[in-house]
Amino acid sequence: MLRPRILDRYLVREILGPLALGFLVYTFILLIRFLFDSAALIIRRGLDAAVVGEMLLYNLPNIVVLTIPMSLLFGILIAVGRLASDSELVALRSSGVSLITLYRPILIVSGLFTVLNTALMVWALPWGNSSSVELTARIIAETVARQVEPRVFYPEFEGTLLYVFETSPDDARWRGVFLAQSLPTQRNQVTIADWGELKIDEARDRVVIELTDACTHEVDLGSPGSYQVSCNERVERVLQDEFSETQRAQFSGVKRVREQSIPELLATLRDPASSPELRNLARVEIHKKFSIPVACLVFGLCALPLGFNNRRGGKASGFALSIAVILVYYILLNNGENAAQYGKMSPWLAMWLPNVVLAVGGVLLLLRRNRDKSLLLTRIDRWVRHDLWRRILRLKRRREARQQVRRARQLARRERGGGG
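Note that the structure is predicted; figures quoted are calculated from it, not measured. (Residues numbered from 1 in each chain as written. Predicted model: local features only at pLDDT ≥ 70, side-chain atom pairs only at ≥ 80, totals over all residues. Heavy atoms only, no water.)

A. Quick look at the overall build of the protein chain. Helices and strands together make up the secondary structure of the protein chain, namely twelve helices and five strands. In the protein chain, which comprises 420 residues, the proportion classed as buried is 40%. The long-range share in the protein chain, meaning contacts at least 24 apart out of those at least 6 apart in sequence, stands at 65%. Accessible surface, the protein chain as shown: approximately 23,400 Å² in total, 59% of it carbon and sulfur. (Helix = DSSP H or I, 4+ residues; strand = E, 2+ residues; numbered from the N terminus. Buried < 20%, exposed > 50% of the residue type's maximum accessible area, 1.4 Å probe, protein only. Contact = heavy atoms within 4.5 Å. Areas by Shrake-Rupley, 256 points an atom, 1.4 Å probe, with all protein chains shown as cover.)

B. Fine view of the environment of valine 238. Here valine 238 lies in strand β5 (residues 223–238). Along the backbone, valine 238 and valine 207 are 31 residues apart, and their C-alpha atoms lie at a distance of 6.3 Å. Not counting the four nearest positions on each side in its chain, valine 238 is found in contact with Gln181, Arg206, Val207 and Val208.

C. The pattern of salt bridges, seen in detail. The full count for this structure, using the stated rule, is ten salt bridges. With a closest N to O distance of 3.3 Å, lysine 199 and glutamate 210 form a salt bridge. Residue lysine 199 is found in strand β3 (residues 187–200), and its partner glutamate 210 is found in strand β4 (residues 207–220); the two are separated by eleven residues along the sequence. Residues participating in the shared-partner salt-bridge network are Glu14, Arg82, Asp86 and Glu88. (Salt bridge = Lys/Arg side-chain N within 4 Å of Asp/Glu carboxyl O.)

D. Here's a closer look at the sheet that holds β4. Spatial ordering of the open sheet is given by β1-β2-β3-β4-β5, a layout of five strands whose pairing is antiparallel. Here the strands that pair on one side only, and so sit at the sheet edges, are β1 (160–167) and β5. Ignoring strand direction, the axes of neighbouring strands in this sheet form an average angle of 15°. In this sheet, β5 lies alongside β4 in antiparallel orientation, the contact comprising twelve bridges. By the bridge assignment for β5, glutamate 210 is matched with glutamate 236. Here helix α5 (residues 99–147) sits on the sheet in contact with β2 (174–182) and β3, set at roughly 115° to β3. (Pairing = 2+ DSSP bridges. Axes fitted to C-alpha atoms, helices over the stretch in contact; angles between N-to-C directions.)

E. Region of interest: unusual backbone geometry. Despite not being glycine, arginine 151 has its phi angle at roughly 60°, a positive value. Structurally, arginine 151 can be placed in the loop between α5 and β1. In this structure, aspartate 213 takes a positive phi of about 55° despite not being glycine.

F. Representation of the packing of helix α3 (residues 49–85) against helix α9 (residues 276–309). Where α3 meets α9, the closest approach of the two axes is 8 Å, and the angle between their N-to-C directions is 20°. In terms of orientation, α3 and α9 fall into the roughly parallel class. The crossing of α3 and α9 is right-handed. Within the contact between the two elements, α3 uses Val65, Ile68, Pro69, Leu72, Leu73, Ile76, Leu77, Val80, Gly81 and Ala84 and α9 uses Ile292, Cys296, Phe299, Gly300, Ala303, Leu304, Leu306, Gly307 and Phe308. Looking at the contact of α3 with α9 residue by residue, the class counts come to 16 nonpolar, three polar and no charged. (Parallel < 35°, antiparallel > 145°, perpendicular 65-115°, else oblique. Left-handed = near helix turned anticlockwise from the far one by under 90°. Nonpolar A, V, L, I, M, F, W, Y, C, P; charged D, E, K, R; others polar.)

Below is the structure:
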């Protein structure tokens with residue numbers, strides 16, 4: 001019988017290879033999806049490779065925290081399936097090694113990745129989300145500023161006409177700004193300023209122009225006799241939204257919550273001005289920072305009995321099994337998050353229920369597999385193997401019989417037609 005330490009090292013080496021492959025594949029797939037989602041922004045704004053690389057860097061934590069549990073599940077399924085297909089697990093079981101003993105190295109690997117994923121969720125993820133939103137806002141402001149040419153009217157914003165006399169070398173500020181706006185309340189206003197600068201407001205969902213030493217002339221079209229003039233050292237004017245619906249979603253309240261660290265989330269909970277939905281989202285985000293990393297332990301628990309059954313499936317079968325488990329997990333997670341946002345479910349229950357469900361299922365499967373029983377319950381197993389299979393064969397025979405009768409009738413009609 002192999003010593004536990006040798007067995008642990010051997011199983012860990014078997015897991016790390018497929019784990020690295022799964023990590024590369026899953027991360028590549030999600031990165032490609034991100035590039036497709038951001039294609040409109042990249043192409044429309046004409047971003048260079050350095051800016052696109054910066055966008056990928058800021059969004060990498062958001063991708064990696066998901067691909068780590070996925071790749072761990074894939075690696076364990078492939079490793080255990082390989083040992084089972086080569087009858088190494090049978091030899092270990094014959095020498096008295098139980099599956100619970102085999103779970104020890106899996107628990108060690110899962111625990112290490114749980115710690116790593118927790119660090120990424122707590123520190124790297126808020127930094128990445130916040131930096132990504134700030135970069136997107138800066139890109140939009142800078143590209144719009146570059147499109148404005150001196151001594152040329154810029155009518156791209158609906159209901160707004162912009163004209164500047166001079167631009168700075170870096171296009172950051174304009175000298176001599178003329179801004180005419182038609183307001184929804186039948187009031188027109190013309191603002192003339194010495195300096196102007198395009199910015200994104202604090203809520204990061206509107207483009208605003210900050211004017212310095214500005215005078216505003218306002219008239220009501222319904223009452224032409226009323227005419228107002230006001231001068232201010234600094235004033236902001238909101239331009240028509242430049243963001244698409246996808247970009248607007250990036251600046252919504254949900255995204256702002258995901259940018260916050262744990263102390264900031266706790267401050268949001270204590271803030272009396274926070275809406276109930278925002279508080280629920282903050283609670284969800286706090287629990288999510290720990291529930292997703294714990295999924296590494298849960299996936300490891302489920303992967304051992306499932307991998308034992310995957311004896312001849314290979315990498316393709318392991319990939320399919322991992323996708324199925326991940327799909328169940330994230331469906332439960334996303335539905336729970338939506339329910340918790342509107343107060344239909346407690347936030348802690350919504351975020352931890354997928355882990356509890358898969359953990360209970362993994363323990364039951366591991367115990368049954370350790371006793372050399374089928375992973376399905378006895379009655380379900382018997383029903384699948386005998387009753388359901390017999391019904392499928394019976395239906396197949398009936399369908400073949402009907403097809404033979406149909407062919408015979410067609411052949412008879414052809415013979416009668418030929419004889420006539």
